[in-house]
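Residues per chain are reported as follows:
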Amino acid sequence: MLDQIDALRRQAETDLHAAGDSSALERFRVTYLARKGKIAELFDALRSVPADQRPLLGKHLNDLRTSVQALFDQRLAAAASHVQAAPALDLTLPGRRPPLGSRHPLTQVLDEIKAVFVSMGFGVADGPEIEDDYHNFGALNFPPDHPARDMQDTFFLNRTALLRTHTSPVQIRVMKEHAPPVRVIMPGKVYRNEAISARSYCLFHQVEGLHVDVGVTFSDLKGTLISFIKQFYGSATKYRFRPTFFPFTEPSADIYISCFVCGGKGCRLCKQIGWLEILGCGMVDPNVFKAVGYDSERYTGYAFGMGIERIALLRHGIDDIRLFYENDLRFLNQF
Ligand code: PHE
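Throughout, a residue's number is its position along its own chain's written sequence, starting from 1. Only residues with pLDDT of 70 or above have their local features reported here, since the model is predicted, and side-chain atom pairs are shown and tallied only from 80 upward, although totals for entire chains, interfaces and linings are computed over all residues. As a convention, hydrogens and water are excluded, and side-chain values are obtained from all of the structure's heavy atoms.

Chemist: Explain the site of the ligand here, please?
Modeler: Here, proximity means that at least one heavy atom of the residue falls within 4 Å of the molecule or strand. Neighbouring the ligand are 14 residues; His166, Ser168, Arg192, Gln206 and Glu208 lie closest to it. By the criterion applied in these results, polar contacts are pairs of N or O atoms within 3.5 Å in which, for protein atoms, one can donate a hydrogen and the other can accept it, and in which residues neighboring in sequence qualify only through two side-chain atoms. Arg192 has a polar side-chain atom sitting 3.1 Å from an oxygen atom of the ligand. When contributions to the shell around the ligand are tallied by element, the ones reaching two or more residues are strand 5 (203-213), strand 8 (275-284) and strand 9 (300-307). Starting at the N terminus, helices and strands are each numbered in turn, a helix being any DSSP run of H or I of at least four residues and a strand any DSSP run of E of at least two. With three residues, strand 9 is the single largest residue contributor to the shell around the ligand. Note on residue categories: nonpolar means Ala, Val, Leu, Ile, Met, Phe, Trp, Tyr, Cys or Pro, charged means Asp, Glu, Lys or Arg, and polar means any other residue, Gly included. Residue classes in the shell around the ligand are distributed as five nonpolar, seven polar and two charged.

Structure representation (structure tokens):
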């Protein structure tokens, strides 16, 4: 009978190992562990063995039943946990899209401006945001007592260093580095000590332009900037030049374009005048050429400067300039 017990144990282990799914496990249970199963049959057979052998054989049979039952329970639990784990590994689920960034609305405007000027043969240059009085004012022909130097407008870092208030100092740096001819745009951040509100901020962006060569005239200035306006704002856009004053250009002009919301009739955006001011420009003042060591008898040139924020505000109908600097994804995701 001991041999029978051993044989059954081996057989049970083999069968259990082969049972691949829940119905095979159920068949195994009925065959071995049920009330009329093979183990129960051996317990029945125990009654017909001599009484003195019964305790030992009974103990072996009990061991057999306990260990087969334990193995079976293990297999059953493993099979059940496979069923539960399956949803976590559902390979048919569609993948999760990684969140995609977008270009900042100011970057988009700047890239378009760059593309227009690069197509007309301009290079791109930049300069430092921390400047000194000489580059930001002196070399640009600001008289020593000019109000723009006032603490009210300019952020001074110490007695000599300041945050540039416009991108025009990059003109000085480019001309000091390169002999004429030069034809570049110079985008960048500028800083002014303004009361912060929906309309103005202590930081904004400008694009400066400079073209210097023999024989550059006001016609070149007009032709280039009108071409920019037509390409950037649309060929139907009307424009107007108004005389103005900058220390570093003479003569100087502000350029206005017909309001693209009302077409010139007058609306809230253009404050009822039908025109929007978009940039300042002029012929480079000979005093600026003197400051950088260019021969002002031989060379002439024009310069211009425009703000980026205003263009983006107008284009998207945004009513608070501070939104550009907060990096709130609910705002940025819209562009
Ligand atoms: N720097 C001037 C400003 O900030 C703009 C400008 C640049 C005007 C170049 C003329 C020529 O207002």
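Chemist: I keep staring at the nonpolar core and nothing clicks. Help me out?
Modeler: Buried Ala, Val, Leu, Ile, Met, Phe, Trp, Tyr and Cys residues form a nonpolar core when they are joined through side-chain atoms within 4.5 Å. For each residue, the accessible area found with a 1.4 Å probe, counting protein chains only, is set against the maximum for its type, and the residue is called buried under 20%, exposed over 50%, and partly exposed in between. Counting 47 residues, the largest nonpolar core has Ile113, Phe117, Phe228, Phe304, Met306 and Phe324 as the members making the most contacts within it. One finds Val182, Val292, Tyr294 and Ala303 within the second-largest nonpolar core, a separate group that totals 23 residues.

Chemist: I would appreciate a short explanation of the pattern of salt bridges in the present structure.
Modeler: Two side chains bearing opposite charge may form a pair once their charged atoms approach each other closely. By convention in these notes, a salt bridge is any Lys or Arg side-chain nitrogen within 4 Å of a carboxyl oxygen on Asp or Glu. Applying the stated criterion to the full structure yields eight salt bridges. Here Asp44 and Arg47 are joined by a salt bridge, their closest N and O atoms 3.1 Å apart. Note that Asp111 and Arg103 form a salt bridge whose closest N and O atoms lie 2.6 Å from each other. Given a relative accessible area of 28%, Asp111 falls into the partly exposed group. Owing to a relative accessible area of 46%, Arg103 belongs among the partly exposed residues under this scheme.

Chemist: Help me understand the pairing of strand 8 in this model?
Modeler: In the case of a regular strand, side chains alternate between the two sheet surfaces. For strand 8, the tally of buried residues reaches nine of 10 residues, placing the bulk of the element in the interior. Only strands that DSSP links by at least two bridges are regarded as paired with each other. Where strand 7 (residues 249-258) meets strand 8, eight bridges bridge the pair, whose relative direction is antiparallel. The partner of Ile255 across the bridge, within strand 8, is Leu279. As paired strands, strand 8 and strand 9 are joined by five bridges and run antiparallel to one another. Residue pairing for strand 9: Cys281 is matched across the bridge by Phe304.

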